[in-house]
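So the chains spell out like this:
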Amino acid sequence: MGLTIAQKIIKAHLVKGEMVAGQEIALRMDQTLTQDATGTMAYLEFESIGIPRVRTELSVAYIDHNTLQSGFENADDHRYIQSVAKKYGIRFSRPGNGICHQVHLERFGKPGKTLIGSDSHTPTGGGIGMLAFGAGGMDVAVAMGGGEYYITMPKMIKVNLTGKLSPWVSAKDVSLEILRILSVKGGVGYIVEWGGEGIKTLSVPERATITNMGTELGATTSIFPSDETTRAFLAAQGREEDYTPLESDPDAVYDRVIDIDLSSLKPLLACPHSPDNIKTAEELADVKVDQVCIGSCTNSSLRDMLRVAAILKGKKIDDSVSLSVSPGSKQVLTMLAECGALADMIAAGARILECACGPCIGMGFSPNSAGVSLRTFNRNFEGRSGTKDGQVYLVSPEVAAASALTGYITDPRTLGDYPEIIMPDTFVVNDSAVLMPADAAEAADLEVLRGPNIKPFPESRPMTDTITAPLTLKVGDNITTDHIMPAGAKILPYRSNIPYLSKFCFAVCDETFSERALAAGQSIIVGGVNYGQGSSREHAALVPLYLGVRAVIAKSFARIHVANLINAGILPLTFANPEDYDRVTQGDELELIGLNDAIVSGDVVLNNKTTGESIKLCCSFSERQIAMLRAGGLLKYTRDAGNN
Ligand code: MIC
Ligand code: SF4
């Protein structure tokens, strides 16, 4: 039987397990990346493993999230990461060099290689034919130390593209269309492979827009073949030698095939507050717009920016709109400046922000109260923009630019001719903002610089056979990591200070949760379907751990979050019958019994001591996960058992 592209890369990197869907497998990781919001924690964890030097082919530490520096905290964390990187053999991408995924694609991504990153949008690398995974910081720390990355062998979805995008319709609309078809949980347990004649019409940055938003489907990762388009992109980046062709076998078997005719797509938007809440621009034409933000790891390539500049050229944005543009990398910004496109955007009224995540993670540029904000980003979860009642729509660069001009949601096809853009044959390559690590001899004496914002991370506890604890919080379906552990300008600087962060845990849903949980000493949380979707931030597990959360019971979980819970030694359990969700109420006293055996058999009993009822729960842990839960999480397991 033939293999899919992903299966070929998995086969070449398989360390343990069998390539049977649903079984746990361990993979060797060639490359790692971190960003600063998750990186400080990841490097603290790496240091605690006690390995003198990274053991990967390439590891890069990016600074792109916390770039506001409104106090000493971010600057201290950047300095810490810079010093760790230099000492342990990691390249350091300075603040201003760009968003991790965009820079990685331009400068480091290689077809056929594996990549793990402490950011959920690491699958952006699939645009260049990498098998790239987002994960919690602990998993990245272990991979830097040469350890394997464990995943459940996914099933395969093939998306077969035919035709060609019409003028004014772009790769973002393909992402939104697949979200319309599959929803934010439709990709859970799958790798999405893109193929068909239509892919030949898509450049590498366009493919990367699509694999980037595979994360919003809940997919394990997404990938495109590596073909002549990939070769041309690498050659334009001055690194054609990194090219290897990669395609699926003609008889490869997929669990599901979805056909999309690119020619039939229209400009789409994801409406508040979920990336799968899709409507066409035509349908929303009378919605007044207050703000437009262009950038993020989804849509900040040179191609996207040139397109926006061409639409804005010689025009002026509407008086009621505030427009921000954040180019994805120093390379993109330099080239925009050199060709005059930057001046066209400035003349039209754009506010140019630095090459970083910026508004996407609520780092400034929050919309006005109840403001309608059109963003070329990938997430529009409630409150993420920093304005609780902000109405965020996810759009293509074309819809963004057109709407900035008119002040209303605008189907860009109404603007007339699609302006031509000319992509240069080569990119401007200047890696001076990527600092090389010290050599091993020099590294030994280097000091790691720690600021006072770095607080020790919470100690996880070994699992006990019985957990008796109150249900301190009951939440609904599709709870995101932005609900569990919000980000934004006020909180993000404290990513290395769990006690401080804990004050904001679940604040979007319930401002008193944190106090209540601390007072209870230990507690249990209950959620609905797809609990923990979104970010890879392990803080969404470490903070509940600090607050005494011992178990989370949900109808189902998102992939990265469930791994983070286990890594933190928190038990993730599911209802055997989803309707039993209704048989527990916030405040009930709950009891989990016989856990030592139950996590092996998979049948767990939950006693609701308040109602006197017994409820069936289930779990399906691998041997390794059982050992981790018993030990009290990944770090304890790794340290105690010498498992690194
Ligand atoms: C996000 O888009 O939510 C982030 C910020 O990039 C996160 C990482 C984080 O929480 O630091 C992600 O996607 O993993
Ligand atoms: Fe940064 Fe936004 Fe991309 Fe997350 S989704 S990496 S915050 S640009």
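Residues numbered from 1 in each chain as written. Chains lettered and ligands numbered in written order. Predicted model: local features only at pLDDT ≥ 70, side-chain atom pairs only at ≥ 80, totals over all residues. Heavy atoms only, no water.

K.L.:
Explain the packing of aromatic side chains to me, and be specific about the residues and the numbers.
P.N.:
According to the stated counting rule, one finds 10 aromatic pairs in the structure shown. When the centroid spacing of 5.3 Å and the interplanar angle of 85 degrees are considered together, the rings of F46 and Y88 count as edge-to-face. Linking F46 in helix α2 (residues 36-49) with Y88 in helix α3 (residues 72-88), this pair joins segments that are 42 residues apart in sequence. There is no split in this pair, since F46 and Y88 are both buried. Ring geometry for F575 versus Y581: centroids 6.3 Å apart, planes at 80 degrees, classification edge-to-face. Considered together, F575 and Y581 belong to a single accessibility category, that of buried residues. (Phe/Tyr/Trp six-rings, centres within 6.5 Å; stacked < 30°, edge-to-face > 60°. Helix = DSSP H or I, 4+ residues; strand = E, 2+ residues; numbered from the N terminus. Buried < 20%, exposed > 50% of the residue type's maximum accessible area, 1.4 Å probe, protein only.)

K.L.:
Just give me the short version of the site of ligand 2, but keep the residues and values in it.
P.N.:
The environment of ligand 2 is made up of H65, H101, D119, H121, S296, C297, C357, C360, I361, N378 and R384. Partitioned by chemical class, the residues of the shell around ligand 2 number four nonpolar, five polar and two charged. (Near = heavy atom within 4 Å. Nonpolar A, V, L, I, M, F, W, Y, C, P; charged D, E, K, R; others polar.)

K.L.:
Summarise the sheet that holds strand β25 (residues 589-593); cite the residues concerned and give the values.
P.N.:
Here we have seven strands rolled up into a closed barrel, ordered β21-β22-β23-β24-β27-β26-β25, and mixed in their pairing. Looking at each pair of strands side by side, their axes are set apart by 40 degrees on average, direction ignored. In this sheet, strand β23 (residues 549-554) lies alongside strand β22 (residues 523-526) in parallel orientation, the contact comprising four bridges. Bridging across to β23, I525 finds its partner in V552. This element, helix α16 (residues 513-520), spans β21 (467-474), β22 and β23 of the sheet and lies at about 170 degrees to β21. (Pairing = 2+ DSSP bridges. Axes fitted to C-alpha atoms, helices over the stretch in contact; angles between N-to-C directions. Contact = heavy atoms within 4.5 Å.)

K.L.:
Which residues make up the pattern of salt bridges, and what values do they have?
P.N.:
Under the counting rule described, the total for this entry stands at 29 salt bridges. With its nearest N and O atoms 2.8 Å apart, the salt bridge here joins E47 to R450. In this pair, E47 sits in helix α2 while R450 sits in the loop between α13 (440-443) and β21, placing the two residues 403 residues apart along the sequence. We classify R450 as partly exposed; its relative accessible area is 45%. We note a salt bridge from R239 to D242, for which the minimum N-O separation is 2.8 Å. Of the two residues examined, R239 and D242, each falls in the buried class. What emerges from the salt-bridge pattern is a single network uniting K266, E282, D411 and R413. (Salt bridge = Lys/Arg side-chain N within 4 Å of Asp/Glu carboxyl O.)

K.L.:
I'd like to hear about the sheet that holds strand β11 (residues 221-223), residue by residue, with values.
P.N.:
Strand order in the open sheet formed by four strands is β11-β10-β9-β12, with parallel pairing between adjacent strands. Two strands bound the open sheet, and with one partner strand each, they are β11 and β12 (256-261). Adjacent strand axes in the sheet meet at a mean angle of 20 degrees when their direction is disregarded. In this structure, strand β9 (residues 155-162) lies alongside strand β10 (residues 190-195), joined through six bridges in parallel fashion. Paired with M156 across the two strands is I191, which belongs to β10. Where helix α1 (residues 5-13) meets the sheet, it contacts β9, β10 and β11, and its direction lies at approximately 125 degrees from that of β10.

K.L.:
Would you mind going over the side chain of S226 in detail, with residue names and values included?
P.N.:
Relative to the elements of secondary structure, S226 occurs in the loop between β11 and α8 (228-236). Of the polar contacts made by the side chain of S226, one reaches the backbone oxygen of T244; its length is 2.6 Å. Not counting the four nearest positions on each side in its chain, S226 is found in contact with P111, Y243, T244, P245 and L246. (Polar contact = N/O pair within 3.5 Å; in protein donor to acceptor, adjacent residues only side chain to side chain.)

K.L.:
An account of the site of ligand 1 is requested, with residue identities and associated values reported.
P.N.:
Around ligand 1, a shell composed of 14 residues is seen, among which D119, S120, R495, S536 and R537 lie nearest. Here an oxygen atom of ligand 1 and a side-chain polar atom of H65 are 2.8 Å apart. Backbone polar atom of S536 to an oxygen atom of ligand 1: 2.7 Å apart, as the coordinates give it. Taking 330 Å² as the accessible area of ligand 1 by itself, protein coverage stands at 97%. When its residues are assigned to classes, the shell around ligand 1 shows two nonpolar, seven polar and five charged. (Areas by Shrake-Rupley, 256 points an atom, 1.4 Å probe, with all protein chains shown as cover.)

K.L.:
Explain the environment of P544 to me, and be specific about the residues and the numbers.
P.N.:
Within the secondary structure, P544 sits in helix α17 (residues 539-546). Of the residues examined, P544 reaches a relative accessible area of 4% and is grouped as buried. Sequence spacing of P544 and L565 is 21 residues, and the spatial spacing of their C-alpha atoms is 9.3 Å. In contact with P544, other than residues within four places in its own chain, are I484, C505, H539, V549 and I570.

K.L.:
If you had to explain the pairing of strand β3 (residues 31-34) to someone new, which residues and values would you point to?
P.N.:
Of the two faces of β3, the one carrying Q31 and L33 and the one carrying T32 and T34 are both buried. Examined bridge by bridge, β3 and strand β4 (residues 58-62) share four bridges and lie parallel to one another. Each residue of the ladder has a partner; that of T32, found in β4, is S59.

K.L.:
Break down unusual backbone geometry for me, citing the residues and quoting the values.
P.N.:
Of note, the amide linkage connecting P272 to H273 takes the cis form, showing an omega dihedral of -5 degrees. The topology assignment puts H273 in the loop between β13 (268-270) and β14 (278-280). A positive phi is found at N478, a non-glycine position, where the angle reads about 55 degrees. The residue N478 is located in the loop between β21 and α14 (481-484) in this model. Of the residues examined, N478 reaches a relative accessible area of 24% and is grouped as partly exposed.

K.L.:
Describe the nonpolar core, naming the residues involved and giving the relevant values.
P.N.:
Ranked by internal contacts, the top residues of the largest apolar core, which has 105 residues, are F506, F513, Y531, L571, L592 and L617. The element contributing the most residues to this core is helix α5 (residues 137-144), with six residues. Non-local contacts of L617, meaning those with residues more than four positions away in its chain, are made with I553, L573, T574, F575, A576, L592, G602, D603, V604 and L606. Counting residues in hydrophobic clusters, the runner-up holds 59 residues, among them V308, A309, I317 and M345. (Core = buried A, V, L, I, M, F, W, Y, C linked by side-chain atoms within 4.5 Å.)

K.L.:
If you had to explain the side chain of E177 to someone new, which residues and values would you point to?
P.N.:
Examined against the element boundaries, E177 turns out to sit in helix α6 (residues 171-182). Classification of E177 by relative accessible area gives buried; the value is 12%. Residues contacting E177, with those up to four places away along its chain left out, are I260, L265 and L268.

K.L.:
Talk me through the environment of T464; I want residue IDs and the actual numbers.
P.N.:
Counting through the fold element by element, T464 comes out in the loop between α13 and β21. Under the relative-accessibility criterion, T464 is labelled partly exposed at 34%. Placed 167 residues apart in sequence, T464 and A631 show a C-alpha to C-alpha distance of 10.0 Å. Residues within four places of T464 in sequence aside, it is in contact with R550 and L595. One polar contact links the side chain of T464 to the main-chain carbonyl oxygen of T466, over a distance of 3.0 Å. A distance of 3.5 Å separates a polar atom in the side chain of T464 from a polar atom in the side chain of R550.

These values are about where atoms sit, not about what they do.
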